[in-house]
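Analysis of the macromolecular model
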Amino acid sequence: MTQSLSSKSTSGTTRRTRHVSLGDRLASWIPKLVVSPTLLITLIFVYGFVIWTAVLSFTNSRILPRYDFVGWDNYVRLFANERWMVALKNLGVYAFLFIAICLIIGLLMAILLDQRIRAEGALRTIYLYPMALSFIVTGTVWKWMLNPQVGLEQFMISLGWESFRFDWIVNPDFSIYTVVIAAVWQSSGFVMALFLAGLRGVDDSIIKAAQIDGASPITIYTRIIIPSLRPVFFSAFIMLAHIAIKSFDLALALTGGGPGISSDLPAIFMFQFSFNRGQMGIGAASAMIMLLGIVAILVPFLYSELRVKKDD
Amino acid sequence: MTRISLKHAKKTVIAAALAGSMATSAVAGEVEVLHWWTSGGEARAISVLKEMVESEGHTWKDFAVAGGGGENAMTVLRARAVSGNPPASAQIKGLEIQEWGDLGFLATLDNVARAEGWDNVLPPVVSDVMKHEGSYVAVPVNVHRVNWMWVNPSALQRAGASVPTTMAELWETAEKLKAAGITPIAHGGQAWQDATTFESIALSVGGPEFFERAFVEHDQAALTGPDMLKTFEEFRKVRNYIDAGSPGRDWNIATAMVIRGEAGMQFMGDWAKGEFSAANMSPGSDYLCVPFPGTDGTFTFNIDSLAMFSQRNTANVEAQQTMARLVLSPEFQETFNLNKGSIPVRLDQNMAPFDECAVSAMNTFQETSQSGSGLVPSMAHGMSTTSAVSGAIFDVVTTYFNSNMSAQDGVRQLANAVRAAQ
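Sequence positions are assigned chain by chain, starting from 1 and proceeding in written order. Both sets of labels track the order of writing: A upward for chains, 1 upward for ligands. Given that this is a predicted model, residues contribute local features only at a pLDDT of at least 70 and side-chain atom pairs are listed and counted only at 80 or more, while totals for whole chains, interfaces and linings are drawn from all residues. Note: side-chain values were computed over all heavy atoms of the structure, leaving out hydrogens and water.

Under an unreviewed UniProt entry, the name given to chain B is Probable sugar-binding periplasmic protein, and the source organism is Salinispirillum sp. LH 10-3-1. UniProt positions are given in the numbering used here, feature names are shortened, and annotations may be inferred rather than shown by experiment. For the record of chain B, the UniProt heading Function (unreviewed entry) holds the text "Part of a binding-protein-dependent transport system for a sugar."

As annotated in an unreviewed UniProt entry, chain A carries the name Sugar ABC transporter permease and is attributed to Salinispirillum sp. LH 10-3-1. Annotation of chain A in UniProt includes, under Subcellular location (unreviewed entry), the sentence "Cell membrane". Under the UniProt heading Sequence similarities (unreviewed entry), the entry covering chain A gives this text: "Belongs to the binding-protein-dependent transport system permease family."

**A word on the overall build of chain B**
When helices and strands are counted, chain B shows 19 helices and twelve strands. Against the globule reference of 22 Å for 422 residues, chain B gives a C-alpha radius of gyration of 22 Å, in line with a compact fold. Viewed in the frame of its principal axes, chain B has a C-alpha envelope of about 75 × 45 × 40 Å. With 422 residues in all, chain B has 58% of them scored as buried. A fraction of 76% describes how many contacts in chain B between residues 6 or more apart in sequence connect residues 24 or more apart. The secondary structure listing takes helices from DSSP runs of H or I that are at least 4 residues long and strands from runs of E that are at least 2 residues long, numbered from the N terminus. Radius of gyration: C-alpha atoms only; globule rule: 2.2 Å multiplied by the number of residues to the exponent 0.38. Relative accessibility decides the category of a residue: with a 1.4 Å probe and only protein chains considered, values under 20% of the type maximum give buried, values over 50% give exposed, and everything between is partly exposed. By definition, residues are in contact when any of their heavy atoms lie within 4.5 Å.

**A word on the overall build of chain A**
When helices and strands are counted, chain A shows 13 helices and zero strands. Roughly 18000 Å² of accessible area belongs to chain A as shown, and the carbon and sulfur atoms make up 69% of that amount. For the purpose of charge, His is not counted, nor are the chain termini; Lys and Arg are scored as positive and Asp and Glu as negative. In this description, the location of a charge corresponds to atom NZ of lysine, CZ of arginine, CG of aspartate or CD of glutamate. In chain A, which carries 25 positive and 18 negative side-chain charges, the distance between the mean positions of the two groups comes to 14 Å. To be clear on the numbers: accessible area is Shrake-Rupley with a 1.4 Å probe, and residue cover counts the displayed protein chains and nothing else.

**Quick notes on the sheet that holds strand β10 (residues 288-291) of chain B**
All names here are of chain B. Strands qualify as paired when DSSP identifies two bridges or more between them. Taken in spatial order, the four strands of this open sheet run β8-β9-β7-β10, and their pairing is mixed. Only two strands of the sheet have a single partner each, and these edge strands are β8 (183-185) and β10. Ignoring strand direction, the axes of neighbouring strands in this sheet form an average angle of 20°. Relative to strand β9 (residues 263-267), β8 runs parallel, the two being bridged by two bridges. Bridge pairing in β9 links isoleucine 185 to methionine 265. An axis is simply a line fitted to the C-alpha atoms; with a helix, the fit covers only the stretch in contact. Between two such axes, the angle follows the N-to-C directions and lies from 0 to 180 degrees. On top of the sheet, helix α13 (residues 251-260) reaches β7 (148-151), β8 and β9; it is set at about 145° to β9, its chief contact.

**Examining the packing of aromatic side chains**
Each Phe, Tyr or Trp ring (for Trp, its six-membered ring) is paired with any other whose centre lies within 6.5 Å, and the angle between the two planes then decides the class: stacked below 30 degrees, edge-to-face above 60, tilted in between. Under the criterion given, the structure shown has 38 aromatic pairs over all chains. By the ring-pair criterion, three or more aromatic residues cluster together here, those being B:Phe198, B:Phe211, B:Phe215, B:Phe232, B:Phe235, B:Tyr400 and B:Phe401. It is A:Lys32 that lies over the ring of A:Trp29; its NZ or CZ is 5.4 Å from the centre. The ring of B:Trp148 has B:Arg145 lying over it, and the distance from NZ or CZ to the ring centre is 4.8 Å. Look at NZ for Lys and CZ for Arg. If either is within 6 Å of the ring centre and within 35 degrees of the ring normal, a charge sits over the ring.

**Regarding unusual backbone geometry**
Look at A:Arg116: it is not a glycine, yet its phi comes out positive at around 50°. One can find A:Arg116 in the loop between α3 (82-113) and α4 (120-128). Residue class for A:Arg116 comes out exposed when judged on its relative accessible area of 72%. Phi at B:Glu133 is positive, roughly 50°, even though this residue is not glycine.

**Digging into the UniProt feature "transmembrane region" (unreviewed entry) in chain A**
All names here are of chain A. Cross-referencing UniProt, the feature "transmembrane region" (unreviewed entry) maps to residues 33-55, 91-113, 125-145, 174-199, 220-245 and 283-303 in the present numbering. Annotated as residues 174-199, this span is 96% helix and 0% strand, and its ends, taken at the C-alpha atoms, are 36 Å apart. With 96% helix and 0% strand, residues 220-245 has its two end C-alpha atoms placed 35 Å apart.

**Overview of the interface of chain B and chain A**
Every contact between the two is made by 27 residues of chain B and, on the other side, 25 residues of chain A. Here chain B meets chain A over a buried area of about 2200 Å², counting both sides, of which 54% is carbon and sulfur. Buried area adds together the accessible area that both of two parts lose upon being put together, with accessible area traced by a 1.4 Å probe. On the chain B side of the interface with chain A, the three residues burying the most area are B:Arg78, B:Asp395 and B:Asn402, jointly 24% of the side's total. A side-chain nitrogen of Lys or Arg and a carboxyl oxygen of Asp or Glu constitute a salt bridge if their distance falls within 4 Å. Counting across the chain B and chain A interface gives three salt bridges. As a salt-bridge pair, A:Arg83 and B:Asp395 come within 3.0 Å of each other at their nearest N and O atoms. Definition of a polar contact: a pair of N or O atoms within 3.5 Å, with one able to donate and the other able to accept a hydrogen when the atoms are protein atoms, and with sequence-neighbouring residues admitted only if both atoms are side-chain atoms. Inspection of the chain B/chain A interface yields ten residue pairs in polar contact (both at pLDDT 80 or more). Of all the secondary structure elements, the ones that give two or more residues to the side of chain B that touches chain A are α3 (71-82), α4 (95-102), α18 (387-401) and α19 (407-421) of chain B. Broken down by element, the side of chain B that touches chain A gets its largest block of residues, eight residues, from α18(B). Residue composition of the side of chain B that touches chain A, by class: ten nonpolar, eleven polar and six charged. Only Asp, Glu, Lys and Arg are considered charged in this grouping, and only Ala, Val, Leu, Ile, Met, Phe, Trp, Tyr, Cys and Pro are considered nonpolar; every other residue, Gly among them, is considered polar.

**Re helix α2 (residues 73-80) of chain A**
All names here are of chain A. Every buried residue belonging to α2 is among Asn74, Tyr75 and Leu78, and all of these are buried. In a view along the axis of α2, the buried residues occupy a sector of 95°, so they form one face of it. Opposite the buried face of α2, at more than 90 degrees from it, the exposed residues are Val76 and Ala80. Within this analysis, the arc is defined by the directions that extend from the helix axis to the C-beta atoms.

See the structure below:
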């Protein structure tokens, strides 16, 4: 009996333990197995290539990668290049205006859409739709609209407003702002969708309580709702910042970096020097500066945001 | 014979080259050609070569990468070269041939060149571009003349203006056109078009010797001298005679303005002729091709060429050498250039089938290459200098043209940029 019991129990336990351990092992391995190819691909094709670019930026590579190290030479040449300085200055203007205007317009549109209006679904789709277009299409369409001879200016003149002038796209002092206009048009609907989702996530009972206390709608928005959207601001900011820094296709399609080099951006500079002008070393150095730009914005931001969350 | 040692490979290459030059294609090989001749006339022109290569028993593998200036094609080529599998031949031009040669990728064509007597039919300025360390590594396809001016004679007639032959006359004509409400100069405000205009003015102002000292030798004295200052000043005047819509405009849209008579003149290379032909206009009556004012008797050349990459397979080497021979054959030169709007690169070419613009360009090409003066490489089209230096010049020229920079500052920045990029 004991023997049979023990044999039964041992066989039972062994079967069970084998069964369970196999299942457990599988269960614990499956996520790793599923993630590992993408992890590997990311490690090689993102971080590996970042490291390769960093190495190339210290070599005198011209049309092909070469490994004659020249120290900081490429960075010195880069910052002595007047065109790079124009591109950096343009990026500063463009990124600041693009992010600020997108956040403001996106938030305002979200608040207006949140007023329980009719046909909200249709309106939301209309505002979000520009996001479905590629930046190349946006750039081409706005290029026509802003062209003083076929676009808006000509249209207003044909309506009878003879003195109407809107020639920013051909004016070197203003061309970068036309890139801002097109980029805001494309992205603010997306920011609106983010904020709208955030607004819907705000706890109704807090708002009701505030209403009972007699707070005006403006107070409710400025004191309660908008501060509680902080995480949404955070993700919107990160999305917009990296769109801004890597901006390439929009400016290329809209202005081609011109007139002259007046709307040049670092991404265009990087592409041209690496691939058209046979100066891969300088191109790699400019790419590293762009990466450092993103890191310099994101690291402190991430650090403060994540710490705030932990404290909560 | 599956694994060939390097020495062995060299021998077989030479043997195959000899066989190729005798045009006895015993072994059929494959030739893969990377190019960006993808627009209508260009595609037709290159398909002629495909047929010729195939009629010699080889296979042609087309590797066309669209994108006007060839940037996309060059990116693809680099990827293929880095992975150790370059195509047999690629459309590379000017100083880039030297860069690829320095990297050790290119195959020699000396056997074909000797058998076909290339040194006798090509002007030395052209063959120099095709040689790396004294051996032919590339074969020229055509010659473009860059310093042309395209004129709509009826527009000039309406304004009571005459065709200018000097810079001073150019501004007079432009003034008259402007007064008559016609855009004097059709211009596309892209960096390379600004540079094309700039180099024609430099040639007109300083002559071919100044041009070579500035854009080929990068002589600082020439870059900062009075001729360069004058060039910048004259270049500034162009801006008074272009329309507001020019920034970012493609060159063929600008040509269309001349075709429609909205504009009087355009400064552009002879690829513009294709647009006029497509609009069924005939040279001499509907439109005029005249040298850029003050550059009569000089020739700024832009040569398209096919560089040959080293191949491992002997049959493919033979196919490659056959193709090189065919490219310079008078038959191909004729059909290709009739379609492309350019002129043949052979000095002994029969010009009977060509139009008067091409004949006039050919005459100047022959005269200048025989006299040895007046035939200069185009800076704006990558013939005179590395892409790094010409890119630096582009940046200064286009910034100057689109701002209120003074001519003195332009000269100073140009000299600095050239020195920094060298």
